[in-house]
Amino acid sequence: MITFDQQTKTFHLQNKTTSYIIGIEEHNYLTHLYFGKKINHYSGGYRYPRTNRSFSPNPAHSKDRLFSLDTLPLEYPGFGHGDFREPAHLIKLTSGSRVNDFRYVSYEIQDGKPALEGLPATYVQDETDAMTLVLTLQDTISQLTLRLFYTIFAEASVITRSAQLVNDGSETVEINRLASQALDFGNQPLELIHLNGTWAKERQLTRETIHPGIKVIDSKRGSSSHQQNPFAAFVTPQTTEFQGEAYGFSLLYSGNHETIVQKDPFDQIRVIMGINSFNFGWQLQPKASFQTPEVVMVYSDQGLNAMSQTYHDLFNQHLIRGKYKHKERPTLINNWEATYFDFNEDKIMNIVSEAKALGVEMFVLDDGWFGGREDDFTSLGDWVETEGKLACGLENLAQQVHDQGMKFGLWFEPEMISEDSELFRAHPEWALGIPGRERSLSRSQYVLDFSRADVRENIYQQMTAIFDRVPLDYVKWDMNRNMTEVYSVLLGPEQQGEVAHRYILGLYEFLERLTTSYPEILFESCSGGGGRFDAGFLYYMPQTWTSDNTDAIARLKIQYGTSLVYPISSMGAHVSAIPNHQTGRETSLTIRGNVAMSGVFGYELDLTQLTSEEKAEIKEQVAFYKQHRQLLQFGDFYRLKSPYEGNDTAWMFVSKDQKEAMVFYFRVLADAAHPLVTLKLTGLAADAVYEINQEEFGGDELMNIGFYIDSELYGDYATQRFYLKRK
Ligand code: DGJ
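All values reported here derive from a predicted model rather than from experimental measurement.

Focus on the overall build of the chain
No. 1: Looking only at helices and strands, the chain features twelve helices and 39 strands.
No. 2: Here the C-alpha radius of gyration of the chain, 27 Å, is about what a compact globule of 727 residues would show, namely 27 Å.
No. 3: Projected onto its principal axes, the C-alpha positions of the chain cover 85 × 70 × 45 Å.
No. 4: Across the 727 residues of the chain, 62% fall into the buried class.
No. 5: Of the contacts made within the chain by residues no fewer than 6 positions apart, 69% connect residues no fewer than 24 positions apart.
No. 6: For the chain, the separation between the mean place of its 66 positive charges and that of its 95 negative charges on side chains is 4 Å.

Here we look at the site of the ligand
No. 1: Taken together, 13 residues surround the ligand, and among them D366, D367, K476, D478 and D548 come closest.
No. 2: Contact between the ligand and D366: an oxygen atom at 2.6 Å from a side-chain N or O atom of the residue.
No. 3: Contact distances for the ligand include 2.8 Å between an oxygen atom and a backbone N or O atom of G529.
No. 4: When atom positions are compared with the pocket grids, the ligand is found to occupy the second largest pocket.

A look at the nonpolar core
No. 1: Judged by nonpolar contacts, the single largest core of 186 residues is most densely connected at F234, L365, W369 and F408.
No. 2: Ranked by the residues each element gives to this core, the list is headed by helix α7 (residues 499-517), at eight residues.
No. 3: What L365 contacts, discounting residues up to four positions off in sequence, is N335, F343, I348, L390, L394, L397, F408, G409, L410 and W411.
No. 4: Membership of the second largest hydrophobic core comes to 25 residues, among which are L681, M703, F707 and I709.

Examining the sheet that holds strand β29 (residues 543-545)
No. 1: On the basis of which strands lie adjacent, the closed barrel formed by eight strands has the order β22-β23-β24-β27-β28-β29-β30-β31 and parallel pairing. Neighbour-to-neighbour, the strand axes of this sheet turn through a mean angle of 30°, independent of strand direction.
No. 2: With five bridges joining them, strand β30 (residues 571-576) and strand β31 (residues 600-604) adopt parallel strand pairing. By the bridge assignment, G572 is partnered in β31 with V600.
No. 3: In the packing of helix α9 (residues 552-562) onto the sheet, contacts are made with β29 and β30, and the angle to β30 comes to roughly 170°.

Some thoughts on empty space enclosed by the protein
No. 1: Scanning the entire structure with this criterion turns up five cavities of 30 Å³ or more.
No. 2: If you go around the largest cavity, you meet 20 residues; those closest to its centre are Y29, Y76, P77, G78 and F102.
No. 3: Put simply, the second largest cavity is a space of about 50 Å³.
No. 4: The wall of the second largest cavity is formed by K113, P114, L116, F149, T151, T160, R161, S162 and E294.
No. 5: Those elements that provide at least two residues to the lining of the second largest cavity are β8 (144-153) and β9 (158-167).

Quick notes on the layout of surface pockets
No. 1: Put simply, the largest pocket is a space of about 540 Å³.
No. 2: Taken together, 24 residues make up the lining of the largest pocket; nearest its centre are T17, E155, A156, S157 and T310.
No. 3: Here the element with the most residues in the lining of the largest pocket is helix α1 (residues 303-318); it accounts for seven residues.
No. 4: Class assignment for the residues of the lining of the largest pocket results in six nonpolar, eleven polar and seven charged.
No. 5: Along its surface, the second largest pocket is lined by 26 residues, and W199, R443, N480, G528 and D548 are the ones closest to its centre.

Looking at the packing of helix α3 (residues 345-358) against helix α11 (residues 612-634)
No. 1: Axis separation between α3 and α11 bottoms out at 8 Å; the angle between their running directions is 60°. By the angle between their axes, α3 is oblique relative to α11. Taking contact as the criterion, the partners of E354, A357 and L358 in α3 are, on α11, K615, I618, K619 and V622.
No. 2: Of the residues contributing to the contact of α3 with α11, the split by class is four nonpolar, no polar and three charged.

Section: unusual backbone geometry
No. 1: Residue P579 is bonded to the preceding I578 through a cis peptide linkage, with omega at -10°.
No. 2: If you trace the backbone, P579 turns up in the loop between β30 and α10 (589-596).
No. 3: At A200, a residue that is not glycine, the phi angle is positive and equals roughly 65°.
No. 4: Relative to the assigned elements, A200 resides in the loop between β12 (191-198) and β13 (201-209).

Some points on α11
Three- or four-residue spacings in an α-helix give side chains the same orientation, since the helix completes a turn every 3.6 residues.
No. 1: Taking 1.5 Å per residue as the helical rise, α11 with its 23 residues ought to reach 33 Å, and the 32 Å between its terminal C-alpha atoms agrees with that figure.
No. 2: The sharpest bend along α11 reaches about 70° and sits at H628.
No. 3: Listing the buried residues of α11 in full gives K615, I618, Q621, V622, F624, Y625, H628, R629, L631, L632, Q633 and F634.

Side note on the side chain of Q621
No. 1: Relative to the elements of secondary structure, Q621 occurs in helix α11.
No. 2: Residue classification places Q621 among the buried residues on the basis of a relative accessible area of 2%.
No. 3: Among the polar contacts made by the side chain of Q621, one reaches the side chain of Y603 at a distance of 2.5 Å.
No. 4: Excluding residues within four positions of it along the chain, Q621 makes contact with V575, L589, T590, G593, M597, F601 and Y603.

With respect to the sheet that holds strand β18 (residues 268-275)
Strands in a sheet are paired, the pairing made by backbone hydrogen bonds, and the direction either parallel or antiparallel.
No. 1: Spatially, the four strands line up as an open sheet ordered β11-β18-β17-β14, and their pairing is antiparallel. Here the strands that pair on one side only, and so sit at the sheet edges, are β11 (181-187) and β14 (213-218). Each strand axis lies, on average, 15° off the axis of its neighbour in the sheet, ignoring direction.

Section: the packing of α9 against α10
No. 1: Running from amino to carboxyl end, α9 crosses α10 at an angle of 20°, the nearest separation of the two axes being 9 Å. With respect to their mutual orientation, α9 and α10 come out roughly parallel. Crossing of α9 over α10 shows left-handed handedness. Counted together, A552, I553, R555, L556 and Q559 of α9 and I591, R592 and V595 of α10 form the full contact between these two elements.

Brief notes about the packing of aromatic side chains
No. 1: Counting across every chain of the model gives 49 aromatic pairs.
No. 2: A centroid spacing of 6.0 Å and a plane angle of 80° characterise the contact between F231 and Y311, whose relative ring orientation is edge-to-face. With F231 in strand β15 (residues 228-235) and Y311 in helix α1, this residue pair connects regions lying 80 residues apart in the sequence.
No. 3: Overall, F231 belongs to the buried group, its relative accessible area being 0%.
No. 4: Aromatic ring contacts, followed pair by pair, group Y20, F35, Y150, F185, F234, Y247, F249 and Y299 into a single cluster.

Focus on the side chain of H32
No. 1: Locating H32 in the fold gives a position in strand β4 (residues 30-37).
No. 2: The buried category is assigned to H32, whose relative accessible area is 6%.
No. 3: Within polar-contact distance, the side chain of H32 engages the side chain of Y20 at 3.5 Å.
No. 4: Engagement of the side chain of H32 in a polar contact is seen with the side chain of E75, the distance being 2.6 Å.
No. 5: Sequence-distant contacts of H32, defined by excluding residues within four places in its chain, comprise Y20, I21, P73, L74, E75, L183 and D184.

What counts and how
Residues numbered from 1 in each chain as written. Predicted model: local features only at pLDDT ≥ 70, side-chain atom pairs only at ≥ 80, totals over all residues. Heavy atoms only, no water. Helix = DSSP H or I, 4+ residues; strand = E, 2+ residues; numbered from the N terminus. Rg over C-alpha atoms; globule rule 2.2 N^0.38 Å. Buried < 20%, exposed > 50% of the residue type's maximum accessible area, 1.4 Å probe, protein only. Contact = heavy atoms within 4.5 Å. Lys, Arg positive; Asp, Glu negative; His and termini not counted. Charge placed at Lys NZ, Arg CZ, Asp CG, Glu CD. Near = heavy atom within 4 Å. Polar contact = N/O pair within 3.5 Å; in protein donor to acceptor, adjacent residues only side chain to side chain. 1 Å grid on protein atoms, 1.4 Å probe; cavity = no way out; pocket = protein on both sides within 12 Å on 5 of 7 lines; lining within 4 Å. Sits in = over half its atoms within 2 Å of the grid points. Core = buried A, V, L, I, M, F, W, Y, C linked by side-chain atoms within 4.5 Å. Pairing = 2+ DSSP bridges. Axes fitted to C-alpha atoms, helices over the stretch in contact; angles between N-to-C directions. Points joined across faces, edges and corners; volume = space filled by probe spheres on them. Nonpolar A, V, L, I, M, F, W, Y, C, P; charged D, E, K, R; others polar. Parallel < 35°, antiparallel > 145°, perpendicular 65-115°, else oblique. Expected span 1.5 Å × (residues − 1). Bend = angle between axes of the 7 residues up to and from the residue. Left-handed = near helix turned anticlockwise from the far one by under 90°. Phe/Tyr/Trp six-rings, centres within 6.5 Å; stacked < 30°, edge-to-face > 60°.

Here's what the structure looks like:
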């Protein structure tokens, strides 16, 4: 899959569908030659034409005015030697200069894929699943060695990249930027797609023209954030869901990130992605090394949907780990929107009994069971159950839930500390904060300094004391604020630029320890909904709570955007009460059910308050979901109609063997004399016959002619669901 051609001095990574080509140019600079559809035979003829561009400098001692780093498409561009575009690295040397000049030295080709120490990364089950190219570059003056890692997967249009810097010198240097990857697209008309939003409005899909200049997608919040997901795609203007080229970039990182998109004066587009260089400074001691997080790049020549399916399959097979990787996820009832903090044993057990009767498989006790937590002003950090709140005690409650034949889950927010807590009174210095400055509050809480081993150990011991006593099947790991006054009192002034990243490394260490020590527990991550829905977290926890916004209509856009990158089996989705607590909207139970069962299905409302008709419908929904969840959680997902483009949305799931499929249609607002809607399906076996509601249709018929959505659909927030079974 990886070859080096001595003649043309090119590395060619290729599998059945994709090629990635790197050239070694004069002066041993590495140029980017190609990423895209598989090239069977590369002649070496495609080299960047030498052109004299005024004000574009040439290498030292060179009389050749045609060669300038300023215009070359480069693999890992630097700064200070003539390339005036954004660099992939900024490393401050003891001289005070940040100018480094990495030249290619050697390469190594390995079977499989090496793990990234302390960081999440895609992995292989078998050495034949992937191959890795390691390119070594050096700056002889600063004595820094740079290693660029490229892995190509055998069965998918995927290249992963990361970088490692080794200090072979005798002086400490400061890394201010070390991108995970850089990629220079030539002059081609590309558009940018990114996922942005805010709390309760996560991963809204934005598609925009790339103009000359720089566009940055980033987070400075200490987490991957509700605001900008660590993901970007580049598509041609003609690219649709099913046609055209798409290049996806997903960063496996849960902290501050940046994606810099620069269109230069010659219309070339550079993409830099990695840890955010803003306020970043890492002291790299002699002999030490620094490893960047990984970027997963996906190429599709069949539109965005194929790009998404490649991500879904890759993450399901080669990122998510543990017992639940391929396992059907349980339906759940969560008490948060049912009770908030106001619960007791009876209230909970009444909800549990109702849930049991309706076929729900797991109860999750959310916030409010510990310390003196009767509201969100208090007790984070004190992971001891509130005495008397649950008359029977937590352990007993879990037992009672188990006695009903249901699983039991519990909420934690381990990274946080309330000012009003025993932990804060004992260890105020354990919260992130700058000595002499007051800390900003958010949801009346502070962030624990997870860069500190002693802090992590304390929380680990507190949490696992509960884990060891209470029989837990599921844990929800929440995180309800972003970081301010980022400073760790254990580190010296010169290391404060490391804190945000050290926090994430500490968090990852904690998650690795916890999830591997309790392999039976299903973990779901959460950050005020989907504030940390990133591929880094999926390495530790197979599910994420998609959004605190459970309104079915708002969820159409949120789940649609999320599906661009993240597998359906990773998206928590619940039916909640009406009027919806976030939007006030009233929608039918049917549409709430259809939207939520397009994710990992659950309920989050007081089941004891429902009418018998509503309960009957829920019972039917739960049974239906259980019957079809293999298809809904692990089938191929196709987006058919975008909520961003009109009044109706449609998507469908097709089983891997194409023997069954499920189609969901949603119409937001009613319209008198609505134009008839034909839905053309996709992903079916063309020559097969499928049965829908006792009627038979050809696979090619459904995909080319389609079928009519009920012309009598009436009222706002209407929906239809179709189950297809191959004959
Ligand atoms: C934010 C989460 O997203 C909610 O689901 C809930 O767990 C609350 N936190 C509890 O405080």
